[in-house]
Amino acid sequence: MWESESESHAGERGLVPVGSSSGQHEGLKNDGFVRRDHSWYVNSDIPSDLLVKVGDVSFHLHKYPMISRSGRMSRIIYETAASADPDTAAVGLDDVPGGADSFELAARFCYGMAVDLTAANISGLRCAAEYLEMTEDLEEGNLIFKTEAFLSYVVLSSWRDSIVVLKSCEGLSPWAENLQIVRRCSESIAWKACANPRGVRWAYTGTGATGGGRPPRATGPGGGGGTASPRWNLSGSGGGDSKESSPSRQAVPPADWWFEDVSVLRIDHFVRVVTAIKVKGMRFDLIGAAITHYASKWLPGLTKDGPHGGALDEPWAQASPGGGLHMIIAGGGGKDHIAASAPAREQRMVVESLISIIPPQRDSVSCGFLLRLLRLAIMLKAAPALVTELEKRVGMQLEQAVLADLLIPSYGRADTAYDVDLVQRLVEHFLVQEQTELASSSPGCGEPAAAPEYYGARTAAAGLNAKERVARLLDSYLSEVSRDRNLSLTKFQVLAESLPESARTCDDGLYRAVDSYLKAHPTLTEHERKRLCRVMDCQKLSFDACMHAAQNERLPLRVVVQVLFSEQVKISNALAGSSGAGAALGKAPDAAPPTTRRQLLDGTPQSFQDGWAAAKKDINTLKFELESMKAKYLELQHEMDALQKQVERGAPSPAAGSKVAGVGAGAGKNQGPSAWSSGWRKLGRLAKMTGADAAGPDGHVPGAPGEAPRKPRRWRNSIS
């Protein structure tokens, strides 16, 4: 993929010949190395006396050129001098970094041959020079000095060469890390990616769709297209065409010009680059877009725009030829086999690394990407702490999710087809985040506002809209998972009631979910059906939903009556409102609501109509009995008042004498029996008459044991 600047501009600075004929040793004439099968030979008049084996490649060399510039070779040769054949020493160097290719270049340098340093071989040669201890103590201008100078002054000043060198360091651990090659290249890439494009002169090279010095077109997360990378030249450095460097002809590159270049790196090096870019202060949305672009190449099927379009349920075939991990799952074995395979371990490392570097700001990556990443993390059995962290991130942006991404299969031992418990946790994280933002936006007196767990808190209006969107999403999810016969009623009810009532302005979505659950579970008892229907509010159903519910024979009769009653109340309120508005405007009220009510009643099944008529008849009977009891109670009260007045008229005066008192007593005695007898007869007749009628429709009698005693009336006090 790469054509480094050092290779394309050999005459300027890239191809640096190291070593010269002056370094050839007297008496040793050579014309270079010759390879025969798996062996290298030096064209020399002097026979070789040193055999070095690097892997399966043999090098037939001479002792003196090697010990003059390599401290390690000098020490090894002297240690093997006491061998059985002192004329020929055999040395094995299987652990030399860079392998046989790097050792060949180092051997050429020891013989004084010209060695071309390029971005492709500099990292291996630098590590091999360190391994062979080719320091300045042995000879001035040794290989360590020359390779270090090339890295510092040539590679790190070039964007393309820094990428190539960092890519070549993948097989040089831990030498490349210890020599700070990875760190320096990562910081160089981060500095160039974060720099202001207007402050440098961009000269694009390469072929493809952009060619001809034109800037590459912006590529999305899906990648693709023939993009070219910039040559990094400071505006003050000379060279180049004056027309190309003029501000009027300068084309500003897009903000995502570096995505495709860094996406070729291995995951650990990509993490180093992204970490360095974060330190430089790049926008979090660009960092999130770069992570999404990287995931589309290394995790096939993760993104919708990727080349494998979301086939996460099936075992992966191999990835695109451009590079990426090959997820080849051979021979079945289930999800446990997938999580335990070697490619899956590599995929798990990629997933865990991407989770750890996602910026903490809200909307740095899309919620759909987070959900697909969560789905893959669960399937690959990523670290539980990272999975929990990812669930919190999803809960923070749950209102942006779509149903297709939320339908995550149960990869564990759950009986249900979809992971309902996971969605329950996501909703809980969403509510916790809402409460945290609410508490942080309105702190107490003298208390500092609590910092939200993630940056980018919502406003109050945005939070209300977010709850409504989550409620609609949850209703759709319930409608989908309710078709699963293994979904328990408790899980359905808990998930349906997880959001507060204020989150839903209309319960049509819940009604569809309830109806779907009743259709998939026909064996529910009457009690379970009533319990299921409690999750929805009949007063929040639309007219169409009420029409459907009135004809739905799967619903309990009590729910149907509630639906009809709530719709009748709505129609009555609407009729009263229209009548009031018509009277205010001097117009006749609209006659449409009675017709709508008649349509509602005509659309109900005959069985429900009969049940409704019987219930209405019972209600009217109870109302009539209640009115009769009220009338009899008023009659009794009237007679009690008359009896009290009659008793008061027959009472003696306190100021009268004994004679008058005797007369009064005699008078009272004559009048008393008739008044008392008539009063008690009326009381007895009234008690017999109202004994059965006073009982309510449920058999309750006022004044029954267990009730609080009523306050005694005045006539009882006067009699006593």
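Per an unreviewed UniProt entry, the protein goes by NPH3 domain-containing protein and derives from Panicum hallii var. hallii. The Pathway (unreviewed entry) field of the UniProt record for the protein holds the comment "Protein modification; protein ubiquitination." Here the protein is described in UniProt, under the heading Sequence similarities (unreviewed entry), as follows: "Belongs to the NPH3 family."

Engineer: Give a detailed account of the overall build of the protein, specifying residues and quantitative values.
Structural biologist: When helices and strands are counted, the protein shows 29 helices and nine strands. For the protein, the proportion of contacts with a sequence separation of at least 24, taken over those separated by at least 6, is 71%. In the form shown here, the protein has an accessible surface area of approximately 37,400 Å², with 54% of it arising from carbon and sulfur atoms.

Engineer: Got a sec to walk through the pairing of strand 4 (residues 50-54)? Specific residues and values, please.
Structural biologist: The buried count for strand 4 comes to four of five residues, which makes it a mostly enclosed element. The pairing of strand 4 with strand 5 (residues 57-61) spans five bridges and is antiparallel. Its bridge partner lying in strand 5, Leu 51 is registered against His 60. Between strand 4 and strand 5, which pair antiparallel in sequence order, lie two residues; one of them, Gly 55, sits at a positive phi of approximately 70 degrees. The pairing of strand 4 with strand 6 (residues 89-92) spans four bridges and is classified as parallel. By the bridge assignment for strand 6, Val 52 is matched with Val 91.

Engineer: Please give an account of the environment of Ala 289 that cites residues and values.
Structural biologist: In this structure, Ala 289 sits in helix 13 (residues 284-298). Each C-alpha atom, one on Ala 289 and one on Asp 256, is 8.2 Å from the other, the two residues being 33 residues apart in sequence. Apart from the residues within four sequence positions on either side, Ala 289 is in contact with Phe 259 and Ser 364.

Engineer: I'd like a rundown of helix 7 (residues 159-168), residues and numbers included.
Structural biologist: Counting buried positions along helix 7 yields eight of ten residues, so the element is predominantly enclosed. Taken together, the buried positions of helix 7 are occupied by Trp 159, Arg 160, Asp 161, Ser 162, Ile 163, Val 164, Val 165 and Leu 166. Between the side-chain oxygen of the N-cap and the backbone nitrogen of Asp 161 there are 3.2 Å, and the N-cap of helix 7 in question is Ser 158.

Engineer: Quick rundown of the environment of Asp 515? Include the residues and the values.
Structural biologist: By the secondary structure assignment, Asp 515 is in helix 22 (residues 508-520). Not counting residues within four places of it along the chain, the set of residues in contact with Asp 515 comprises His 548, Asn 552 and Arg 554. Among the polar contacts listed, one links the side chain of Asp 515 to the side chain of Asn 552, at a separation of 2.7 Å.

Engineer: An account of the side chain of Asn 121 is requested, with residue identities and associated values reported.
Structural biologist: By the secondary structure assignment, Asn 121 is in the loop between strand 7 (115-117) and helix 5 (122-131). On the basis of relative accessibility, which here comes to 18%, the residue Asn 121 falls in the buried class. At 2.9 Å, the side chain of Asn 121 and the backbone nitrogen of Thr 118 are in polar contact. Here Asn 121 is in contact with Leu 105 and Asp 116, once residues within four sequence places are set aside.

Engineer: Lay out the packing of helix 12 (residues 267-280) against helix 15 (residues 342-357) in plain terms, naming residues and giving numbers.
Structural biologist: Any two packed helices are characterised by how steeply their axes cross, that is the angle between the axes, and by the distance between the axes. Across the interface, helix 12 lies against helix 15 with an axial gap of 10 Å and an inter-helix angle of 5 degrees. Here helix 12 lies roughly parallel to helix 15, going by the angle between them. Here Ile 267, Phe 270, Val 271, Val 274 and Lys 278 of helix 12 lie close against helix 15, whose contacting residues are Met 349, Val 350, Ser 353, Leu 354 and Ile 357. Across the contact of helix 12 with helix 15, the residue classes tally to eight nonpolar, one polar and one charged.

Engineer: Could you give me a rundown of the nonpolar core, with the residues and numbers involved?
Structural biologist: Within the largest apolar cluster, 155 residues are counted, with the highest numbers of intra-cluster contacts made by Val 52, Leu 61, Leu 93, Trp 258, Phe 270, Leu 354 and Leu 398. Residue contributions to this core peak at ten residues, all from helix 16 (residues 367-379). Those residues in contact with Leu 61 that lie beyond four places of it in its chain are Phe 33, Val 42, Ser 48, Asp 49, Leu 50, Val 52, Met 66, Phe 103, Ala 107 and Tyr 111.

Engineer: Which residues make up helix 17 (residues 384-396), and what values do they have?
Structural biologist: For helix 17, built from 13 residues, the straight-helix expectation of 18 Å at 1.5 Å per residue is met to within 8% by its first-to-last C-alpha distance of 18 Å. If you check which residues of helix 17 are buried, you get Val 387, Leu 390, Glu 391, Arg 393, Val 394, Gly 395 and Met 396.

Engineer: Before we move on, could you go through the packing of helix 4 (residues 99-110) against helix 5 and cite the residues and values that matter?
Structural biologist: Put simply, helix 4 and helix 5 touch, their axes get as near as 9 Å, and they point 70 degrees apart. One element, helix 4, and the other, helix 5, form an angle in the roughly perpendicular class. The way helix 4 lies across helix 5 gives a crossing that is right-handed. Contacts between helix 4 and helix 5 pair Ser 102, Leu 105 and Ala 106 from the former with Gly 124, Leu 125 and Ala 128 from the latter. Residue classes in the contact of helix 4 with helix 5 are distributed as four nonpolar, two polar and no charged.

Engineer: Report on the packing of aromatic side chains, specifying residues and quantitative values.
Structural biologist: What the rule picks out here adds up to seven aromatic pairs. Taken together, the ring pairs in this structure connect Phe 270, Tyr 294 and Trp 298 into an aromatic cluster. Across the ring face of Tyr 41, the terminal group of Arg 36 is positioned such that the distance to the ring centre comes to 4.9 Å. We note Arg 72 situated over the ring of Tyr 131; from NZ or CZ to the ring centre the distance is 4.0 Å.

Engineer: Explain the state of the cysteines to me, using residue names and the numbers behind them.
Structural biologist: Using the criterion set out here, one finds zero disulfides in the structure. Free cysteine: Cys 538, not disulfide-bonded; nearest cysteine sulfur from Cys 533 at 7.7 Å. The thiol of Cys 546 is not disulfide-bonded; the next cysteine sulfur, from Cys 538, is found 7.7 Å away. Exposure remark for Cys 546: the relative accessible area of 1% places this residue in the buried category.

Engineer: Quick rundown of the layout of surface pockets? Include the residues and the values.
Structural biologist: Over the atoms rolls a probe the size of a water molecule, and its path tells where empty space is left. Put simply, the second largest pocket is a space of about 510 Å³. Considering the residues around the second largest pocket, the lining is formed by 24 residues, among which Arg 534, Val 535, Met 536, Asp 537 and Cys 538 are closest to the centre. Contributions of two or more residues to the lining of the second largest pocket are made by helix 23 (526-533) and helix 25 (557-585). Of the residues forming the lining of the second largest pocket, the biggest block, seven residues, is contributed by helix 25.

Engineer: For unusual backbone geometry, give the residues involved together with the corresponding values.
Structural biologist: With an omega of 0 degrees, the peptide bond between Ser 173 and Pro 174 qualifies as cis. You can see Pro 174 is positioned in the loop between helix 7 and helix 8 (175-178). The backbone phi angle of Glu 133 is positive, close to 60 degrees, even though this residue is not glycine. On the secondary structure map, Glu 133 appears in the loop between helix 5 and helix 6 (143-155). The phi torsion at Gln 180 lies on the positive side, around 65 degrees, for a residue other than glycine. A relative accessible area of 33% means that Gln 180 is categorised as partly exposed.

The rules we used
- Residues numbered from 1 in each chain as written.
- Predicted model: local features only at pLDDT ≥ 70, side-chain atom pairs only at ≥ 80, totals over all residues.
- Heavy atoms only, no water.
- UniProt positions renumbered as here; feature names shortened; annotations may be inferred.
- Helix = DSSP H or I, 4+ residues; strand = E, 2+ residues; numbered from the N terminus.
- Contact = heavy atoms within 4.5 Å.
- Areas by Shrake-Rupley, 256 points an atom, 1.4 Å probe, with all protein chains shown as cover.
- Buried < 20%, exposed > 50% of the residue type's maximum accessible area, 1.4 Å probe, protein only.
- Pairing = 2+ DSSP bridges.
- Polar contact = N/O pair within 3.5 Å; in protein donor to acceptor, adjacent residues only side chain to side chain.
- Axes fitted to C-alpha atoms, helices over the stretch in contact; angles between N-to-C directions.
- Parallel < 35°, antiparallel > 145°, perpendicular 65-115°, else oblique.
- Nonpolar A, V, L, I, M, F, W, Y, C, P; charged D, E, K, R; others polar.
- Core = buried A, V, L, I, M, F, W, Y, C linked by side-chain atoms within 4.5 Å.
- Expected span 1.5 Å × (residues − 1).
- Left-handed = near helix turned anticlockwise from the far one by under 90°.
- Phe/Tyr/Trp six-rings, centres within 6.5 Å; stacked < 30°, edge-to-face > 60°.
- Lys NZ or Arg CZ within 6 Å of the ring centre and 35° of its normal.
- Disulfide = S-S within 2.5 Å.
- 1 Å grid on protein atoms, 1.4 Å probe; cavity = no way out; pocket = protein on both sides within 12 Å on 5 of 7 lines; lining within 4 Å.
- Points joined across faces, edges and corners; volume = space filled by probe spheres on them.

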